[in-house]
Amino acid sequence: MPQCLICQAQFEPFISFGKMPIANGFLSADQFTDEYFFELKAGFCQNCNMVQLTEQPDREMMFHQDYAFFSSTSTRMGIHFRQFAELVIKDYLKSSDPFVVELGSNDGIMLQNFAGAGIRHLGIEPSANVAQVAIEKGIATICEFFDEALAKRIVQEHGQADAILAANVMCHIPYLHSVAAGIRALLKPDGVLIFEDPYLGDIVEKTSYDQIYDEHAFYFSAASISYLFQQYGMEVIDVMPQNVHGGSMRYVIAHKAKKRISPAVAAQRSKEKQLGLDRRQTFEQLRRNIESCRRELMELLTRLREHRKRIVGYAATSKSTTVTNYCEITADLVEFISDTTPIKQGKYSPGTHIPVRPYHEFADNFPDYALLFGWNHAKEIFAKEQEFTKAGGKWIVYVPKVKVLE
Ligand code: SAH
Ligand code: TMP
Ligand code: ZN
């Protein structure tokens, strides 16, 4: 039986999605034969309430010099991170020469706001190609994986941090104990760690199972995060739900007894109990909901194909890798996936090998249906794709329910 990466208790996975490739591993045809696969399984630890993968590829297979995810491809996320930075500057940087560290700083989407304001900052970003984009923007960046050893080196070279930030990266790191110990060392006595990740409550409520893929080792809740950080003399002092990436949670963590704890923390924890995030049955139900979602989506796509409708995927997200592989959606159902990221264009989707094409191929020749793989960016996408619907095109969504939008 797998062992919990947080508390070492044993648990049975509640779902297997079967054989999965690297979610961001867009590839060329000559790479098909030696594509890497592993079994994607998720489990719930009854003891510490952490939901997690039971197997994960080595980190170097996911984060490297050809990493395909550039944060700045989404304008909405650009605005989100500017507001995040403004909140940090207003509420948490009170010292005279504050120092901000960001883990997983990618192409600098967050730190550019600190650099622009002349604030001392440091990004930690192991994927060299995205780190390089940040460096070219003038953002101080170390191209390494964050862990306890690196944290201690940063303290020696730069001193402790007033704020440590992380977005969509804490949940990527299976060695969270080393990260938590590193944060304890790097954070000033009155500093704060502020991080956000897709929220388990949203995944359960919306059956957004496509959040489950290789990079996401963990699916956090206020309960599991509290359990982890209390072991390092830290505590959750605030939680703030975020309307990005299909529902995220921002956690504010401080050294114990240093800051006032917002009533939002206890309120969130009791909400989690009501939602059943502390019970295995909740995840058994989630599995049944995921299975229904797959069945309904495949029935819809198969029916449309029988009616000779053209279906194109919209946005080659990492999440789409779970959906296409688990549901077995291949190029006979979805003609191609349109995506704006140059590094993905001309390649094929991981595992299912659906061609990924530049956006203009969608815009120049609208299909009958667009399967919205980028559902978490729906608002931004619907706003700019009014021509598609005016021309009679229809959107297919599968979160929270499989549906053709009329
Ligand atoms: N913060 C950005 C990027 C999220 S993608 C955003 O929200 O858009 C996750 C990023 O974390 C990737 O760029 C990846 O290279 C990086 N990463 C993975 N493991 C890491 C680690 N141990 N320390 C720091 N960054 C890491
Ligand atoms: P994400 O959901 O993991 O953030 O992935 C975003 C992907 O979606 C990225 O490859 C860019 C693509 N995309 C588009 O192709 N068009 C769009 O309008 C948006 C918002 C994203
Ligand atoms: Zn556990």
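Residues numbered from 1 in each chain as written. Chains lettered and ligands numbered in written order. Predicted model: local features only at pLDDT ≥ 70, side-chain atom pairs only at ≥ 80, totals over all residues. Heavy atoms only, no water.

Draft legend 1. Representation of the pairing of strand S7 (residues 161-167) within the structure. Within S7, seven of the seven residues are buried, which leaves it mostly tucked inside the rest of the structure. In terms of strand pairing, S7 meets strand S8 (residues 187-198) through six bridges, oriented parallel. For Ala163, the partnering residue across the bridge sits in S8 and is Val192. Chirality of the crossover, the property in question, places the unit of S7, helix H6 (residues 176-186) and S8 among those that are right-handed. (Buried < 20%, exposed > 50% of the residue type's maximum accessible area, 1.4 Å probe, protein only. Helix = DSSP H or I, 4+ residues; strand = E, 2+ residues; numbered from the N terminus. Pairing = 2+ DSSP bridges. Right-handed = clockwise from strand over helix to strand, strands pointing away.)

Draft legend 2. Examining the sheet that holds strand S1 (residues 13-20) more closely. Strand order in this open sheet of four strands is S1-S2-S3-S9, and the pairing throughout is antiparallel. Here the strands that pair on one side only, and so sit at the sheet edges, are S1 and strand S9 (218-219). Sheet analysis places strand S2 (residues 38-44) next to strand S3 (residues 51-53), joined by three bridges and oriented antiparallel. When the sheet's bridge partners are listed, Gly43 is paired in S3 with Gln52. The sheet strands contacting helix H10 (residues 280-306) are S1, S2 and S3, and the helix crosses S1 at an angle near 35°. (Contact = heavy atoms within 4.5 Å. Axes fitted to C-alpha atoms, helices over the stretch in contact; angles between N-to-C directions.)

Draft legend 3. Main features of the site of ligand 1. Around ligand 1 lies a shell of 20 residues, among which Ser71, Gly104, Glu125, Ser127 and Asn168 are the nearest. Here Ser71 contributes a side-chain N or O atom positioned 2.7 Å from an oxygen atom of ligand 1. Interatomic distance of 3.1 Å between a side-chain N/O atom of Asn106 and an oxygen atom of ligand 1. (Near = heavy atom within 4 Å. Polar contact = N/O pair within 3.5 Å; in protein donor to acceptor, adjacent residues only side chain to side chain.)

Draft legend 4. Spotlight on helix H2 (residues 75-92). Between its first and last C-alpha, H2 extends 25 Å over 18 residues, near the 26 Å set by a 1.5 Å rise per residue. What H2 keeps buried is the set Met77, His80, Phe81, Phe84, Ala85, Val88 and Tyr92. Mapping the buried residues of H2 onto a view down its axis gives an arc of 135°, with all of them on the same face. Counted as exposed and oriented over 90 degrees from the buried face of H2: Thr75 and Lys90. Looking at the packing, one finds that the buried side of H2 touches helix H3 (111-116), S7, S8, strand S10 (234-242) and strand S11 (248-255). (Expected span 1.5 Å × (residues − 1). Arc of directions from axis to C-beta.)

Draft legend 5. Seen up close, the packing of aromatic side chains. According to the stated counting rule, one finds 24 aromatic pairs in the structure shown. Pairing Phe195 with Phe220 gives two aromatic rings, centres 6.0 Å apart and planes at 85°, and the pair type is edge-to-face. Of this pair, Phe195 sits in strand S8 while Phe220 is found in the loop between S9 and helix H8 (222-230), placing the two residues 25 residues apart along the sequence. Ring geometry for Tyr314 against Tyr359: centres 6.4 Å apart, planes inclined by 80°, an arrangement best described as edge-to-face. In this pair, Tyr314 sits in strand S12 (residues 311-314) while Tyr359 sits in helix H12 (residues 359-364), placing the two residues 45 residues apart along the sequence. With a relative accessible area of 28%, Tyr359 lands in the partly exposed category. (Phe/Tyr/Trp six-rings, centres within 6.5 Å; stacked < 30°, edge-to-face > 60°.)

Draft legend 6. Region of the structure containing the sheet that holds strand S4 (residues 99-103). Strand order across the open sheet formed by seven strands is S6-S5-S4-S7-S8-S11-S10, with mixed pairing between neighbours. Only two strands of the sheet have a single partner each, and these edge strands are strand S6 (141-142) and S10. Where S4 meets strand S5 (residues 120-124), five bridges bridge the pair, whose relative direction is parallel. Bridge pairing in S5 places Glu102 opposite Gly123. Sheet strands touched by H2: S7, S8, S10 and S11. Its angle to S8, the strand with the most contacts, is close to 160°. The sheet contacts of H6 involve S4, S7, S8, S10 and S11, and relative to S8 the element is tilted by about 145°.

Draft legend 7. Here's a closer look at the coordination of the zinc ion (ligand 3). Protein coordination at the zinc ion (ligand 3) comes from Cys4 (SG), Cys7 (SG), Cys45 (SG) and Cys48 (SG), with a distance range of 2.3 Å. Mapping the donors of the zinc ion (ligand 3) onto the primary sequence yields the spacing C-x2-C-x37-C-x2-C. Residue Cys7 is found in the segment before S1, and its partner Cys48 is found in the loop between S2 and S3; the two are separated by 41 residues along the sequence. For Cys7, a relative accessible area of 14% corresponds to the buried category. Residue Cys48 is classed as buried on the basis of its relative accessible area, which comes to 3%. (Donors = N, O, S within 2.8 Å, 3.2 Å for Na, K, Ca; no water.)

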